[in-house]
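The chain contents come next:
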Amino acid sequence: QAQLVESGGGLVQAGGSLRLSCAASRSIFSINTGGWYRQAPGKQRELVATITNDGRTSYADSVKGRFTISRDNAKNTVYLQMNSLKPEDTAVYYCNAEVRSSSSWGLLVLWGQGTQVTVSS
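Let us look at the structure shown here.

## Examining unusual backbone geometry
Of note in the backbone geometry, N76 takes a positive phi value of approximately 50° without being a glycine. Counting through the fold element by element, N76 comes out in the loop between strand 7 (67–72) and strand 8 (77–82). Here W105, not a glycine, exhibits a phi torsion of approximately 65°, which is positive. Given the relative accessible area of 46%, W105 is considered partly exposed.

Set out below in structure tokens:
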């Protein structure tokens with residue numbers, strides 16, 4: 001079954017760092033564009049960062065200079081390095097990617113299950 005599995009969330013003090021990982025299952029041949037979204041309680045889901053298959057990145061203004069999105073194509077994994085974390089970064093973080101299925105060779109858009117990031121002040 002094609003799926004994205006996230007890891008790396010947790011509780012950290014303000015100013016600290018976390019690294020999120022989004023790994024594609026073995027039924028996924030490759031990741032095209034990958035991205036991270038987040039949703040805080042009572043708020044809409046918002047785009048945090050994206051990375052294309054040729055490595056071009058984009059970021060929300062609120063995280064520019066603090067977060068870095070990257071990818072390892074050999075591992076079919078997308079990362080989000082989060083530095084200088086602030087309490088307002090607290091949210092559930094979701095991985096999203098357009099992927100190519102190994103079995104059908106079709107393109108799929110998948111979401112991860114979400115991982116909680118909590119930043120204490």
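What follows continues from the structure just given.
## Considerations on the environment of E88
For E88, the position within the fold is in the loop between strand 8 and strand 9 (91–101). C-alpha separation for the pair E88 and W105, spaced 17 residues apart in sequence, amounts to 40 Å.

## Looking at the sheet that holds strand 7
A sheet is described by the order of its strands in space; here four strands give the open sequence 1-3-8-7, paired in antiparallel fashion. On the outer flanks of this sheet lie strand 1 (4–7) and strand 7, each paired with one strand and no other. Taking the axes of each pair of neighbouring strands and ignoring which way they run, one obtains an average angle of 15° across the sheet. With four bridges joining them, strand 1 and strand 3 (residues 18–24) adopt antiparallel strand pairing. Among the inter-strand pairings, V5 is bridged to a residue of strand 3, identified as A23.

## Side note on the nonpolar core
L4, W36, V48, F67, L80, M82 and Y93 are the most contacted members of the largest nonpolar core, which totals 29 residues. Those elements that provide at least two residues to this core are strand 3, strand 4 (28–39), strand 5 (46–51), strand 7, strand 8, strand 9 and strand 11 (115–120). Ranked by residue count, the leading element in this core is strand 9, at five residues. For V48, the contacting residues outside a window of four places in its chain are W36, Y37, R38, S58, Y59, A60, V63, F67, L80 and Y93.

## A word on the state of the cysteines
This model, assessed by the stated rule, comprises one disulfide. Here C22 is linked by a disulfide to C95, with a sulfur-sulfur distance of 1.9 Å. The sign of the -75° torsion about the S-S bond sets the C22-C95 disulfide as left-handed. You can see C22 sitting in strand 3 and its partner C95 sitting in strand 9, a full 73 residues away along the chain. With respect to class, C22 is no different from C95; both count as buried.

## Some remarks on the pattern of salt bridges
One pass over the structure, following the stated rule, counts five salt bridges. A salt bridge links R38 to E46; the shortest N-O distance between them is 2.6 Å. Residue classification places R38 among the buried positions, given a relative accessible area of 6%. With relative accessibility at 35%, the residue E46 sits in the partly exposed group.

Here is what the cut-offs are and how they apply
- Residues numbered from 1 in each chain as written.
- Predicted model: local features only at pLDDT ≥ 70, side-chain atom pairs only at ≥ 80, totals over all residues.
- Heavy atoms only, no water.
- Helix = DSSP H or I, 4+ residues; strand = E, 2+ residues; numbered from the N terminus.
- Buried < 20%, exposed > 50% of the residue type's maximum accessible area, 1.4 Å probe, protein only.
- Pairing = 2+ DSSP bridges.
- Axes fitted to C-alpha atoms, helices over the stretch in contact; angles between N-to-C directions.
- Core = buried A, V, L, I, M, F, W, Y, C linked by side-chain atoms within 4.5 Å.
- Contact = heavy atoms within 4.5 Å.
- Disulfide = S-S within 2.5 Å.
- Salt bridge = Lys/Arg side-chain N within 4 Å of Asp/Glu carboxyl O.

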